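Structural features, examined
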Amino acid sequence: MDKLEQYLDQVCRRIGGPRALRLHIRQELGEHLRDAVAQHRVAGLAEEAALAKALEEFGNPAEVRSELEATHGQRLLAVVIDKAIEWKEMTMKSKWLWLTWAHLALLSVIALAVLWILFITIFIVPRFQRLMQVGIIDDPALVDASAEGWMPAFLNRLTAIVGNAPIWYVIIPTLLWALFEWRVRSENKTFMRLSALGTVAVGLMVVALLAAGALVISFCLGVPAVGRLARPYAMDKIAQIDTSIGALEQALAKEDWEAMQNQEDRALQALDELAKAAPAVHALAPPDVPTTVQALRNQLNLATDRLRGAGEGIREKDLEKVATALGEFRACYGPLREGAKKTQQ
């Protein structure tokens, strides 16, 4: 049947239209040819002779193709039209889907930018301003900085703008959008709308980034004032510790166990409060020895453990154990105390 397949290829290969139509014609033509071959076999012809006679009766492949195209022409045209309509519907549906997504994405960006600006101006900037008022953030350091002096002013202006009649920032854009939808009838209306939304989104993102940058940079420039506040705090805690340890040693000489316990508790409380405040811990560093806050905190924890050892001796009423633990405490705590005093000087 190789000749039959070759004949079908020659007839159907160049028929226009979709592949499904060509397969249908090929199947239909093949069935007719096989029926003709079967009839010639019944008449007594061999298989090859029956196939050759059937192909001869059907005629030249080019002529058969022309007849089939004429017969199926209307059907082919209907298929082409159906395919064209289906493609158009898919294209329109896809266009509507992507345009809708573009609008939703831009509106989401605008909404997020607006929420971020409101969050900054309502919750963050007022707290930032209070930090500047109490001196934790050094306002003069920001004003003196030539490149960054505009940042606090920008934050103040942004807060004032958002705080004055914020309802108008909703009403005015809504009215402008309604006017645009009512008056504009251009075929490019969709692209004009997307361009307007994109411009608004970019503008709001610029404002949001400037506000966030102004907060971060201003804080980084002005926060060194925290160090000046931390040093007095550290020295106050050191004074409390010195007073408690001195009173503890006096009570040790008198073997006043209750007084020793009270003074040990006070010293431990001051050490714990000092260790929790990182800027105050850093104030304990000797000025000529580079170190980290964690290393200083570890040294404080070691001194605290030695003082707790003295507390165990107090509860056991063991004078020798208390004296030994206090000596170890002095060895651990003394360098930090001296370093803090040098830093203050």
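Bear in mind the structure is a predicted one, so any value in this text is a computation, not a measurement. (Residues numbered from 1 in each chain as written. Predicted model: local features only at pLDDT ≥ 70, side-chain atom pairs only at ≥ 80, totals over all residues. Heavy atoms only, no water.)

1. Considerations on the side chain of Thr304
Summarising the element assignment, Thr304 is placed in helix α13 (residues 293-316). Thr304 gets classed as buried once you look at its relative accessible area, which sits at 9%. With sequence-adjacent residues up to four places away left out, Thr304 is seen in contact with Leu268 and Leu271. (Helix = DSSP H or I, 4+ residues; strand = E, 2+ residues; numbered from the N terminus. Buried < 20%, exposed > 50% of the residue type's maximum accessible area, 1.4 Å probe, protein only. Contact = heavy atoms within 4.5 Å.)

2. Considerations on the pattern of salt bridges
Within this structure, the stated rule accounts for six salt bridges. Notably, a salt bridge pairs Arg308 with Asp305, separated by 3.7 Å at the nearest N-O pair. Here Asp305 and Arg308 lie together in helix α13, a separation of three residues that amounts to about one turn. Given a relative accessible area of 44%, Asp305 falls into the partly exposed group. A salt bridge links Arg306 to Glu328, with the shortest nitrogen-to-oxygen separation between them at 3.6 Å. Separated by 22 residues along the polypeptide, Arg306 in helix α13 and Glu328 in helix α14 (residues 319-344) bring together distant segments of the chain. Exposure remark for Arg306: the relative accessible area of 28% places this residue in the partly exposed category. Look at Glu328 and you get partly exposed, because its relative accessible area is 38%. The network of salt bridges with shared partners includes Glu312, Glu316 and Lys321. (Salt bridge = Lys/Arg side-chain N within 4 Å of Asp/Glu carboxyl O.)

3. Regarding the packing of aromatic side chains
Within a pair of aromatic rings, the relevant descriptors are the distance that separates the centres and the angle that separates the planes. Counted according to the given criterion, the structure contains three aromatic pairs. Relative to Phe123, the ring of Phe119 has its centre 5.6 Å away and its plane inclined at 35°; by these criteria the two rings are tilted. With Phe119 and Phe123 both in helix α5 (residues 73-133), this residue pair falls four residues apart, about one helical turn. Taking relative accessible area as the criterion, Phe123 reaches 42% and is therefore assigned partly exposed. Taken together, the aromatic side chains of Trp116, Phe119 and Phe123 make up a single cluster linked through ring pairs. Sitting above the plane of the Trp182 ring, Arg183 keeps its charged end 5.3 Å from the centroid. Directly above the ring of Phe180 sits Lys189, whose terminal nitrogen or CZ lies 5.9 Å from the centroid. (Phe/Tyr/Trp six-rings, centres within 6.5 Å; stacked < 30°, edge-to-face > 60°. Lys NZ or Arg CZ within 6 Å of the ring centre and 35° of its normal.)

4. With respect to the nonpolar core
Among the nonpolar cores identified, the biggest contains 31 residues, and Ile241, Leu300, Leu307, Phe329 and Tyr333 are the most heavily contacted of them. Elements supplying a minimum of two residues to this core: α10 (225-254), α11 (257-276), α12 (278-282), α13 and α14. Contact partners of Tyr333, with chain neighbours within four places excluded, come to Ile238, Ile241, Asp242, Leu271, Leu300 and Ala303. (Core = buried A, V, L, I, M, F, W, Y, C linked by side-chain atoms within 4.5 Å.)

5. Some thoughts on helix α1 (residues 2-12)
Taken residue by residue, α1 has Leu4, Tyr7, Leu8, Val11 and Cys12 as its buried positions. For α1, the buried positions fall inside an angular range of 115° around the axis, keeping them on one side. Exposed side chains of α1 directed beyond 90 degrees from the buried face belong to Asp2 and Lys3. (Arc of directions from axis to C-beta.)

6. Some words on the environment of Leu155
Relative to the assigned elements, Leu155 resides in helix α7 (residues 150-163). Separated by 30 residues in sequence, Leu155 and Val125 place their C-alpha atoms 6.9 Å apart. Non-local contacts of Leu155, meaning those with residues more than four positions away in its chain, are made with Val125, Phe128, Ala211, Ala214 and Leu215.

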